[in-house]
Every structure is written in structure tokens, then in C-alpha cells.
Amino acid sequence: MLRYDPPTDPQFEVLYQDNSLIVLNKPSGLLTVPGRELIHRDSLSYRVARVYPSVQVVHRLDMATSGVIVMALHPKAHRELNRQFRERETAKRYYAWVYGRPEQDSGSIELPLCCDWPNRPRHMVDQVHGKHALTHWRCLVRQEKRSLMELTPITGRSHQLRVHMLSLGHPILGDNLYAEGEALALAPHLQLHAASLEFRHPRTKQWLAFSAPAPFEMELQ
């Protein structure tokens, strides 16, 4: 069983909260929702529910991914936020350190994805059974062995950014599912951060934008 030792200080970090929703900054190493095993009960949604019992999950971040996530505080807000994510009316931006140096400065990856059932929880590119997945990327910094990428997922498939970066030939550093050798060893954990999230407030329809700094160095200069 994969070792699970989630961070506990703070229990959760609130970026914004009102009567309809709560926006949080999830740390790396914490599940978004409880797993099947009792040891995996501790999660962001479990912690938030102890303070806000009506909370409902709208979307998820991988356990190893950090960053901005929104949850609903009543069913009507949950339905509207779910609709926005389903119909791709939200805007998301991620940062990631990847292995190697992409030759191009930017591009798009449009490869269908599905679960790699014999090797769960891994996912894979599958032209026959996969679901449509689209990621735009931009290389911000190139160093000797790694590059900093800005990633904009248009769809929201499981492990989309991790598998798309692997398909580009540049796995995300520290990815214990998809990186190997030096790419795995160069970072203590997955170097992927959900830096910003934008959507319309489910009640007021006002466009909201939230961001959180990456827990790893950016070195954008």
C-alpha cells in the first residue's frame, strides 16, 4: 500500500468563503476526497466537512498536486459550479517543472485518455477508447535538466497534465506514476501546482479569480 502521510498544519487553507462556496489551497500530499481504505479517510473534503458540514466536492486535484480548488456549500451552488466545469466555462492555469528542455516555446496536446486498468491508477493515451483531452502549454524557463511550464487544460481528465507531459517526452519531475530515473529523483514529490482558477459565482454570476503561490521555486527571472 502506498504510504500516506498527509500534511496537517494547517488543517486547510481558505482563500475565500461565502454562503455559497469555499475556495481552498490544497497542499501536495493530501487527498481531495477520502479513499476506500480507512487510512485514506483523511482528505481535504473530510477536513472541510468537519467545519462546514454541507460542503460538496465540485472537482478534484490529484493527491500529489497542490493548488486552488473550489467546493460548494449548498446543492444549488453545487449544481451550477458542476455545470460550469462540465461545460468548460472555467479557466485554469497550472505550473509544472518537467524533465528536459522542450524544443518549441509553446504548443497544444490533443490526445485522448483513459484508465490503464491493469496498472491502475495510471492513465494512458488510447486513440480507440480514450476520452478527448486538450492541453495548451508554454515553456517559461529552460535550465540544464528541467524546464518550467505553464499548462492550461481545456478538458479535465484524470491525470491529464501528467500523461500529456509524458507524451511530449517531458514527464513532470517527482511524478511517482509516470517519471523514471533522473526525472523522478530530481524532486521530492510531484512538481505540479494549480496556480489559478476562475469561474462565475453561482449566485451573483460575477466572474471570480483566485490564485495561490506555488510551493516550489519558480525562478521566472
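Rules behind the numbers
Residues numbered from 1 in each chain as written. Predicted model: local features only at pLDDT ≥ 70, side-chain atom pairs only at ≥ 80, totals over all residues. Heavy atoms only, no water. Helix = DSSP H or I, 4+ residues; strand = E, 2+ residues; numbered from the N terminus. Contact = heavy atoms within 4.5 Å. Polar contact = N/O pair within 3.5 Å; in protein donor to acceptor, adjacent residues only side chain to side chain. Core = buried A, V, L, I, M, F, W, Y, C linked by side-chain atoms within 4.5 Å. Buried < 20%, exposed > 50% of the residue type's maximum accessible area, 1.4 Å probe, protein only. Pairing = 2+ DSSP bridges. Expected span 1.5 Å × (residues − 1). Phe/Tyr/Trp six-rings, centres within 6.5 Å; stacked < 30°, edge-to-face > 60°.

**Student:** Is there a simple way to explain the environment of serine 108 in this structure?
**Tutor:** For serine 108, the location among the structural elements is in strand S6 (residues 106–110). Expressed as a C-alpha distance, the spacing of serine 108 and lysine 76, which sit 32 residues apart in the sequence, is 35 Å. Ignoring any residue separated from it by four or fewer positions in sequence, one finds serine 108 in contact with Leu134, Thr135, His136 and Trp137. Side-chain polar atoms of serine 108 contact the side chain of histidine 136, separated by 2.6 Å.

**Student:** I'm lost on the nonpolar core in this one. Help?
**Tutor:** As a rule of thumb, nonpolar side chains are buried together in soluble globular proteins. The biggest cluster of nonpolar side chains holds 27 residues, and the ones touching the most others in it are Leu151, Met165 and Leu192. Those elements that place two or more of their residues in this core are strand S2 (21–26), helix H1 (44–49), strand S4 (66–72), strand S5 (91–99), strand S9 (134–142), strand S10 (146–153), helix H3 (160–167) and strand S11 (192–200). Top contributing element to this core by residue count: S5, with three residues. For methionine 165, the residues in contact, after removing those within four places along its chain, are Val98, Ile109, Trp137, Met149, Leu151, His170, Pro171 and Ile172. Among the nonpolar cores identified, the runner-up in size contains 14 residues, and Val58, Ala72, Phe85 and Leu208 belong to it.

**Student:** Where do I start with the pairing of S4 in this structure?
**Tutor:** Of all the seven residues making up S4, seven are buried; the element is thus mostly covered by neighbouring parts of the structure. Here six bridges tie S2 to S4, and the two strands are oriented antiparallel to one another. Residue pairing across strands places leucine 24 opposite isoleucine 69, the latter belonging to S4. Where strand S3 (residues 56–57) meets S4, two bridges bridge the pair, whose relative direction is antiparallel. Along S4, the bridge assignment pairs valine 57 with methionine 71. Judged from the two bridges that link them, S4 and S11 form a sheet pairing that is parallel. Residue pairing in the sheet places glycine 67 in a bridge with alanine 194 of S11.

**Student:** So what exactly am I meant to see when it comes to helix H2 (residues 75–86) here?
**Tutor:** Given 3.6 residues per turn, any residue in an α-helix points the same way as the ones three and four places further on. Taking 1.5 Å per residue, 12 residues should reach 16 Å; H2 reaches 16 Å between its end C-alpha atoms and fits that length. Those residues of H2 lying buried are Ala77, His78, Glu80, Leu81, Gln84 and Phe85. As for H2, its buried residues are in contact with S2, S3, S4, S5 and S11. Backbone geometry just after H2 places arginine 88 at a positive phi near 60°.

**Student:** I'm lost on the packing of aromatic side chains in this one. Help?
**Tutor:** The geometry of two aromatic rings is summed up by the distance between their centres and the angle between their planes. In this structure the tally under the stated criterion is two aromatic pairs. Arranged with centres 5.4 Å apart and planes meeting at 35°, the rings of tyrosine 16 and phenylalanine 210 form a pair that is tilted. Taken together, the residues span a long stretch of sequence, with tyrosine 16 in strand S1 (residues 13–17) and phenylalanine 210 in strand S12 (residues 207–211) at a distance of 194 residues. Given a relative accessible area of 29%, tyrosine 16 falls into the partly exposed group. Under the relative-accessibility criterion, phenylalanine 210 is labelled buried at 11%.

**Student:** I tried to follow the side chain of threonine 155 on my own but got confused; where do I start?
**Tutor:** With respect to the helices, strands and loops of the structure, threonine 155 is situated in the loop between S10 and H3. Within the local environment of threonine 155, its side chain forms a polar contact with the backbone nitrogen of leucine 134, the two atoms lying 2.9 Å apart. Looking at threonine 155, its side chain comes within polar contact range of the side chain of glutamine 160, at 2.7 Å. Not counting residues up to four positions away in its chain, the partners in contact with threonine 155 are Arg88, Lys92, His132, Ala133, Leu134 and Gln160.

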